[in-house]
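A structural walkthrough
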Amino acid sequence: MITKVLSGDVAIKEGATLIKSGEVVAFPTETVYGLGGNALAPNSIAKIYQAKGRPSDNPLIVHVSCVEDIYPLVREFSDVNRMLADTFMPGALTLLFPRSEQVPIEVTAGLDTVGIRIPSCAIARKFIAACGVPIAAPSANASTRVSPTTAAHVLEDMDGRIPLIIDGGESEVGIESTVLDLTCDIPTILRPGAITAEMLAGVLGEVKTHKGEVISSAPSPGMKYKHYATTVPMVIAANMQSLLAEYDRAKSQGLDVAALIRSQDACMMDGRKYIELGKTDMEVCKNIYSIMRDAEKSTQHIVCIHLGDEGICRSVMNRLNKSAGGKIV
Ligand code: AMP
Ligand code: MG
């Protein structure tokens, strides 16, 4: 199969035609690129899992272009959902709802809940609206690999596996959406993202955060899998001192090492090889996946600085800890 990369209205038109004929199409969102298929068609869902090589007990998020399109997919839309939708939709927040009969169990991996999101990316919403059906979409990477934030990243993993990538430039946010479970007593973050615990608590009063360590069983089935992995080993350094020590240790073993650091700390590197993640937390979040993909191509060992435990850094660290398999020095 030839994989086309197109942009603009031509891409959206061709993408929508492909979706209607049961194909899968990669498309941009503000979080990461998605691999979309008709959420109401089990055959299309099967193609998504196949193209990604994703375990079929890992549920997909359903993407719609407006709040009204959520109603047929859910059995209940509470006042709390209304408040959250008013505040954070469109945006990087996925809400879990009791699934209606319309949503095939293939999408939810057999669960009674369905995760739904409205992307803020205008191209994504235009594409979904043109399809005329809700779009089930995981991130458009091969299963276990780093999520894509550009069309070129998608092509690296999906070339020959899907007919079309809609190119919408670089993803603005850079990591996946926050997943919030409202079907339990206290609203619980299953996956942290750009919509932070603090932001949600501002609306809800209280939320339970998810700590983000690698865990073997969790309420969100996808969380037990290896995720966001670089193709070369990566470790997290608790501070710059341990980063430099780990760098020198790996170097002394003859490895080509790259340090991923905040731009402000570049002056401490003293001739060692490094990649700047950015100055602000938002910059770091936007760049992280792209830099991980660059680093895995150019080195044999990656050591990344611990970024912090609050706000969006907590979300980025959730991904980095998984990439590193929990290895901290
Ligand atoms: P991805 O498609 O790669 O962004 O991953 C989507 C993730 O959202 C899954 O791995 C789950 O962790 C979570 N998720 C989606 N739908 C549900 C659901 N119905 N219940 C629990 N978690 C969900
Ligand atoms: Mg993913």
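Let me begin by describing the structure that accompanies this report.

**Considerations on the overall build of the protein chain**
For the protein chain, the count of helices and strands is ten helices and 14 strands. On C-alpha atoms alone, the protein chain measures out to a radius of gyration of 20 Å, which is about the 20 Å that the 2.2 N^0.38 rule sets for 329 residues. Overall, the protein chain is about 60 × 50 × 30 Å in size when its C-alpha atoms are taken along their principal axes. Each of the 329 residues in the protein chain was classed as buried or not, and the buried ones make up 57%. Residue pairs in contact within the protein chain that sit at least 24 positions apart in sequence constitute 69% of those at least 6 positions apart.

**Brief notes about the environment of I236**
Its location among the elements puts I236 in strand 11 (residues 234–237). Distance in space between the C-alpha atoms of I236 and K52 is 27 Å, their sequence separation being 184 residues. In contact with I236, not counting residues within four places along its chain, are C304, I305, H306, M317, L320, N321, A324, K327, I328 and V329.

**Description of the sheet that holds strand 11**
With respect to topology, four strands assemble into an open sheet ordered 11-14-12-13, the strand pairing being parallel. The open sheet terminates on both sides in strands that have one partner only, identified here as strand 11 and strand 13 (274–276). When the angles between neighbouring strand axes are averaged without regard to direction, this sheet yields 25 degrees. Sheet strands touched by helix 10 (residues 311–323): strand 11 and strand 14 (301–305). Its angle to strand 11, the strand with the most contacts, is close to 130 degrees.

**Description of the packing of helix 3 (residues 79–88) against helix 7 (residues 197–204)**
Any two packed helices are characterised by the angle at which their axes cross and by the distance between the axes. Running from N to C, helix 3 and helix 7 cross one another at 130 degrees; their axes reach a closest spacing of 10 Å. The angle between helix 3 and helix 7 falls in the class oblique. Considering the relative orientation of helix 3 and helix 7, their crossing is right-handed. Contacts between helix 3 and helix 7 pair V80, M83, L84, T87 and F88 from the former with M199, L200, V203 and L204 from the latter. Its residues assigned to classes, the contact of helix 3 with helix 7 shows eight nonpolar, one polar and no charged.

**Some points on the environment of L260**
Structurally, the position occupied by L260 is in strand 12 (residues 257–261). For L260, a relative accessible area of 0% translates into the label buried. Along the primary structure L260 and R272 are separated by twelve residues, whereas in three dimensions their C-alpha atoms are 11 Å apart. Once you skip the residues sitting within four places of it in the chain, L260 turns out to touch L243, I275, L277, I291, M292, A295, I302, V303, C304 and I305.

Here is what the cut-offs are and how they apply
- Residues numbered from 1 in each chain as written.
- Chains lettered and ligands numbered in written order.
- Predicted model: local features only at pLDDT ≥ 70, side-chain atom pairs only at ≥ 80, totals over all residues.
- Heavy atoms only, no water.
- Helix = DSSP H or I, 4+ residues; strand = E, 2+ residues; numbered from the N terminus.
- Rg over C-alpha atoms; globule rule 2.2 N^0.38 Å.
- Buried < 20%, exposed > 50% of the residue type's maximum accessible area, 1.4 Å probe, protein only.
- Contact = heavy atoms within 4.5 Å.
- Pairing = 2+ DSSP bridges.
- Axes fitted to C-alpha atoms, helices over the stretch in contact; angles between N-to-C directions.
- Parallel < 35°, antiparallel > 145°, perpendicular 65-115°, else oblique.
- Left-handed = near helix turned anticlockwise from the far one by under 90°.
- Nonpolar A, V, L, I, M, F, W, Y, C, P; charged D, E, K, R; others polar.

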